[in-house]
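# Descriptive structure summary
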Protein chains: 2
Amino acid sequence: MSTSLELLDFVETQKVELYSDLRALQLESGKSLSPVEVAYETYGTLNSEGTNGVLICHALTANSHAAGRYATNGKTPGWWDGLIGPGKALDTNKYFVVCPNILGSCYGTTGPTSVNPVTGRAYRLSFPQLTVRDIVRVQKQLLDFLGIQKLAAACGSSLGGMQVLEWGIMYPDFCEALIPISTAARQPAWCIALNAATRSAITSDPEWKNGDYTDQPAGGLALARMIGMISYRSPKEFETRFGRNRRDPSGFAYDPDNLFQVESYLRHQGDKLVKRFDANTYVYLSRATDFHDVTWGRGLLRDVLGSITSKTLCIGVSSDVRYPKQYQHEIVQFVPDSKYAEINSIHGHDAFLIEFEQLNRMIKGFLQRGY
Amino acid sequence: MSTSLELLDFVETQKVELYSDLRALQLESGKSLSPVEVAYETYGTLNSEGTNGVLICHALTANSHAAGRYATNGKTPGWWDGLIGPGKALDTNKYFVVCPNILGSCYGTTGPTSVNPVTGRAYRLSFPQLTVRDIVRVQKQLLDFLGIQKLAAACGSSLGGMQVLEWGIMYPDFCEALIPISTAARQPAWCIALNAATRSAITSDPEWKNGDYTDQPAGGLALARMIGMISYRSPKEFETRFGRNRRDPSGFAYDPDNLFQVESYLRHQGDKLVKRFDANTYVYLSRATDFHDVTWGRGLLRDVLGSITSKTLCIGVSSDVRYPKQYQHEIVQFVPDSKYAEINSIHGHDAFLIEFEQLNRMIKGFLQRGY
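Residues numbered from 1 in each chain as written. Chains lettered and ligands numbered in written order. Predicted model: local features only at pLDDT ≥ 70, side-chain atom pairs only at ≥ 80, totals over all residues. Heavy atoms only, no water.

A few words now on the overall build of chain A. On a plain count of helices and strands, chain A comes out with 11 helices and 12 strands. For 371 residues, the compact-globule formula gives about 21 Å, and the C-alpha radius of gyration of chain A, at 20 Å, lands near that figure. With the C-alpha coordinates aligned to their principal axes, the bounding extent of chain A is approximately 65 × 50 × 50 Å. Every one of the 371 residues in chain A was classed for burial, and the buried ones make up 63%. If you take every contact in chain A between residues at least 6 apart in sequence, the share linking residues at least 24 apart comes to 73%. Just so you have it, chain A exposes about 14,100 Å², and 49% of that area is on carbon and sulfur atoms. (Helix = DSSP H or I, 4+ residues; strand = E, 2+ residues; numbered from the N terminus. Rg over C-alpha atoms; globule rule 2.2 N^0.38 Å. Buried < 20%, exposed > 50% of the residue type's maximum accessible area, 1.4 Å probe, protein only. Contact = heavy atoms within 4.5 Å. Areas by Shrake-Rupley, 256 points an atom, 1.4 Å probe, with all protein chains shown as cover.)

Right under this line is the structure:
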């Protein structure tokens, strides 16, 4: 293996069509889907035994561009570039790293924005409801296609971490190691409440038109993002970063149009998401997150998590208000070969996109030496 | 004094017009307002010295009906009935309890829904932006009108607690005791973020029509309430009360229309608020909350809070995610004659409307014996 820094510098998104007519994807809902196109990126080289794969499972609004830069429009590195590459925790000189865009997303993998081959029109709300287990099933199909016999590790945060847990349960001998981050074995009620508010924001925007919009329901999707961001970051970060600062510091204190900086920030985050993400997709994937429950149809939590044989490093963030450490402790309590590690950060749930130094140290140590 | 249980059982909302043309209310914004009608209720009898008054300061969407029942439509007791009455902590055999509807509200006191005497039409967005200090100034005018020379105590939670702090600062010799509950000396950035999202929910509803709606922007106001409720209650309460239960427990697990109970609950809370509260009023009062900062125009926090001479019982709630105990600790750190007490509850920020047994014990003890 000789993947150089240069090779990783220019990456490409690839696509493959899986699940032909003859072998449609059977969803948890009982419905089926065919074909399923999957967009993915790979970094590094698969060894001849097919045993050095590392799967990256992404969260709600992310995509397959986890590392490196594109040759064109190459300014923005992948969202986990800090962890993936030569010498990094997910070392591309050692591992064949794969990041697929998840089922139901809008970044190249089949989802509500894709064209339904039967009707010739976009699925939109006729897309079947999907679950985390469906997402994982499609990922397994992709890894089979790529010739991966065994994963050295499956990693992911938030909705990505839910996929990682399902990997350990659905394919118990396939992953040597699991690294679920900032996640829970079952979606907590408070997170369902937050997601319910975001879905209401989208579906109560008249521009949503029951999913049949021409232009995005921009107001609703932006508001959904605002609501989300409040729990993706931490109260302490907002206090430190914005405090009570105003957009115009010398402006009048009681002028409603002189926004608080934190309000401007949220609006900006909302507008940014509208430009890059699809509203129906948001609704589908947030529901998939709410449906996440490793015990569903299986049994008791201790037995289900107890069936995981992979060695597991479960990572939490000190300031995560969305999935506080109690949820990672619950995982570690029941997964036999597991340990908890904590990112010390004020960045809350989103720390997995920021605290690369701590993550590199934790994950590198875990993969090289165990706990 | 001989206020009996029967007397309190039937209460009436009274109204008074303050701030005539000749002596308009001067607002913090520099604007003025005249006249200002104030709706209020009183329970108990004022003593001849005018020194047994207790002021109840209400929160964002509450009203002057803090205790007792109306003779007609009398099923619902006031929102703090558990604390106000003969033998209760705010004992109406001893105290003359006053609860005014706050300036800018829509329950009888002048606010955005009131008719502007100059135009003959409702103020709506032409209503001047108000602040907590303006609210307190009007309350003082009402107490003067009622002949109250000194307050035995001012009490309130959340936005009500902000008023209580301002009472201690603006009228330092007037209140013998202050009881601020679940509040902060300055609105924290995370709360501004939450409020910003609720305001966006209202103002991005096309039915809002820049405040000139005929029918309420029901979707936006309901969504604002949903967002609010998520932080008014606690993750633990949602987990215990709703967990992952569905509206139809025997329904299909992956049916998006089979709502989670917590989602139904939030929608129900949203619909309830639409029936009883005005959208523009919500925007004005939530901004007043965000503008709350006892230091504004005054100096350092330690000096401003240090100027409070009233004995102060600052109450927090163990599970409050909106104003966690650190904010009450900050108050107690700087208010000279003060102490912190904690309500042990899973009900979060809203515990002040629920945990009457603990509140009665704390407040009764404090008023009778000091800390």
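From this point, the discussion proceeds with the structure in view.
Placing chain A over chain B gives an RMSD of 0.0 Å and needs a rotation angle of 180°, together with 0.0 Å of translation along the axis. Taken together, the rotation and translation describe the operation of a two-fold axis. (Least-squares fit on C-alpha atoms with pLDDT ≥ 70 in both.)

The terminal C-alpha atoms of helix 7 (residues 261–276) of chain B, which comprises 16 residues, lie 23 Å apart, in line with the 22 Å expected from a rise of 1.5 Å per residue. Within helix 7 of chain B, burial applies to Val262(B), Glu263(B), Ser264(B), Tyr265(B), Leu266(B), Gln269(B), Gly270(B), Leu273(B) and Val274(B). Contact partners of the buried residues in helix 7 of chain B: helix 4 (189–203) of chain A together with helix 5 (218–232), helix 6 (235–241) and helix 8 (279–291) of chain B. (Expected span 1.5 Å × (residues − 1).)

A few words now on the side chain of Asp320(B). All names here are of chain B. Mapped onto the elements of the fold, Asp-320 is located in the loop between strand 11 (311–317) and helix 10 (325–334). Look at Asp-320: it is buried, it has no salt bridge, and the nearest opposite charge is Arg-322 at 6.8 Å. Separated by 2.8 Å, the side chain of Asp-320 and the backbone nitrogen of Arg-322 make a polar contact. Not counting residues within four places of it along the chain, the set of residues in contact with Asp-320 comprises Ser-182, Gly-348 and His-349. (Lys, Arg positive; Asp, Glu negative; His and termini not counted. Salt bridge = Lys/Arg side-chain N within 4 Å of Asp/Glu carboxyl O. Polar contact = N/O pair within 3.5 Å; in protein donor to acceptor, adjacent residues only side chain to side chain.)

Residues at a pLDDT of 70 or more form 97% of chain A, whose mean pLDDT is 95. The ipTM assigned to the predicted complex is 0.94, against a pTM of 0.96. (pLDDT = per-residue confidence, 0-100.)

Turning next to the pairing of strand 9 (residues 151–157) of chain B. Residues and elements named next belong to chain B. Among the seven residues of strand 9, seven are classified as buried, and the element is accordingly described as predominantly covered. Taken together, the five bridges between strand 5 (residues 53–57) and strand 9 define a ladder with parallel strand orientation. Note that in strand 9 the partner of Gly-53 across the bridge is Leu-151. Where strand 9 meets strand 10 (residues 177–181), four bridges bridge the pair, whose relative direction is parallel. Note on strand 10: the bridge partner recorded for Ala-154 is Leu-178. The parallel pair strand 9 and strand 10 is bridged by helix 3 (residues 159–170), and the resulting crossover is right-handed. (Pairing = 2+ DSSP bridges. Right-handed = clockwise from strand over helix to strand, strands pointing away.)

This part covers the domain arrangement of chain A. Residue and element names in this part refer to chain A. Along its sequence, chain A is carved into domain 1 (7–186 + 293–369) and domain 2 (192–235 + 263–287). Each of domain 1 and domain 2 was reduced to a C-alpha centroid, and the two centroids are 23 Å apart. Across the boundary between the two partners, domain 1 contributes 27 residues, which contact 25 residues of domain 2. Interface area, domain 1 with domain 2, both sides summed: about 2,200 Å², of which 55% is carbon and sulfur. Broken down residue by residue, the surface that domain 1 buries against domain 2 is led by Leu-60, Arg-124 and Arg-322, which jointly contribute 29%. Applying the counting rule to domain 1 against domain 2 returns two salt bridges. Along the contact surface separating domain 1 from domain 2 lie 14 residue pairs in polar contact (both at pLDDT 80 or more). (Domains from an automatic or database assignment. Buried area = accessible area lost by both parts, 1.4 Å probe.)

Time to look at the environment of Gly85(A). Residues and elements named next belong to chain A. Relative to the elements of secondary structure, Gly-85 occurs in the loop between strand 5 (53–57) and strand 6 (96–100). Taking relative accessible area as the criterion, Gly-85 reaches 0% and is therefore assigned buried. Residues Gly-85 and Gly-68, spaced 17 residues apart in sequence, show a C-alpha to C-alpha distance of 7.9 Å.

Moving on: the packing of helix 4 of chain A against helix 5 of chain B. Across the interface, helix 4 of chain A lies against helix 5 of chain B with an axial gap of 10 Å and an inter-helix angle of 165°. In terms of axis orientation, helix 4 of chain A runs roughly antiparallel to helix 5 of chain B. In the crossing of helix 4 of chain A with helix 5 of chain B, the sense of the turn from one axis to the other is left-handed. In this structure, helix 4 of chain A contributes Trp190(A), Ala193(A), Leu194(A), Ala196(A), Ala197(A), Ser200(A) and Ala201(A) to the contact, and helix 5 of chain B contributes Leu223(B), Met226(B), Ile227(B) and Ile230(B). Here the residues of the contact of helix 4 of chain A with helix 5 of chain B are counted per class, giving 10 nonpolar, one polar and no charged. (Axes fitted to C-alpha atoms, helices over the stretch in contact; angles between N-to-C directions. Parallel < 35°, antiparallel > 145°, perpendicular 65-115°, else oblique. Left-handed = near helix turned anticlockwise from the far one by under 90°. Nonpolar A, V, L, I, M, F, W, Y, C, P; charged D, E, K, R; others polar.)

To continue, consider the packing of aromatic side chains. In the structure shown here, the tally under the stated rule is 28 aromatic pairs over all chains. Between the aromatic rings of Trp296(A) and Tyr254(B), the centroid separation amounts to 6.3 Å while the plane-to-plane angle is 70°, which identifies the pairing as edge-to-face. Residue Trp296(A) is located in the loop between helix 8 (279–291) and helix 9 (301–306), and its partner Tyr254(B) is located in the loop between helix 6 and helix 7; the two belong to separate chains. Residue classification places Tyr254(B) among the buried positions, given a relative accessible area of 6%. Arranged with centres 5.8 Å apart and planes meeting at 65°, the rings of Phe238(B) and Phe242(B) form a pair that is edge-to-face. Residues Phe238(B) and Phe242(B) agree in their burial class; the two are buried. The aromatic ring of Phe366(A) is capped on one face by Lys311(A), whose charged end is 4.8 Å from the ring centroid. (Phe/Tyr/Trp six-rings, centres within 6.5 Å; stacked < 30°, edge-to-face > 60°. Lys NZ or Arg CZ within 6 Å of the ring centre and 35° of its normal.)

On to the side chain of Asn195(A), then. All names here are of chain A. Tracing the backbone through its elements, the reader meets Asn-195 in helix 4. For Asn-195, the side chain forms a polar contact with the side chain of Arg-322, separated by 2.7 Å. Each residue touching Asn-195, except ones within four places of it in the same chain, is listed here: Gln-187, Ser-286, Thr-289, Asp-290 and Arg-322.

Geometrically, the link from Ser34(A) to Pro35(A) is a cis peptide bond, its omega value of -10° lying close to zero. Relative to the assigned elements, Pro35(A) resides in the loop between strand 3 (32–33) and strand 4 (36–43). For Lys209(B), which is not a glycine, the phi torsion comes out positive at approximately 50°. Checked against the element boundaries, Lys209(B) lands in the loop between helix 4 (189–203) and helix 5.

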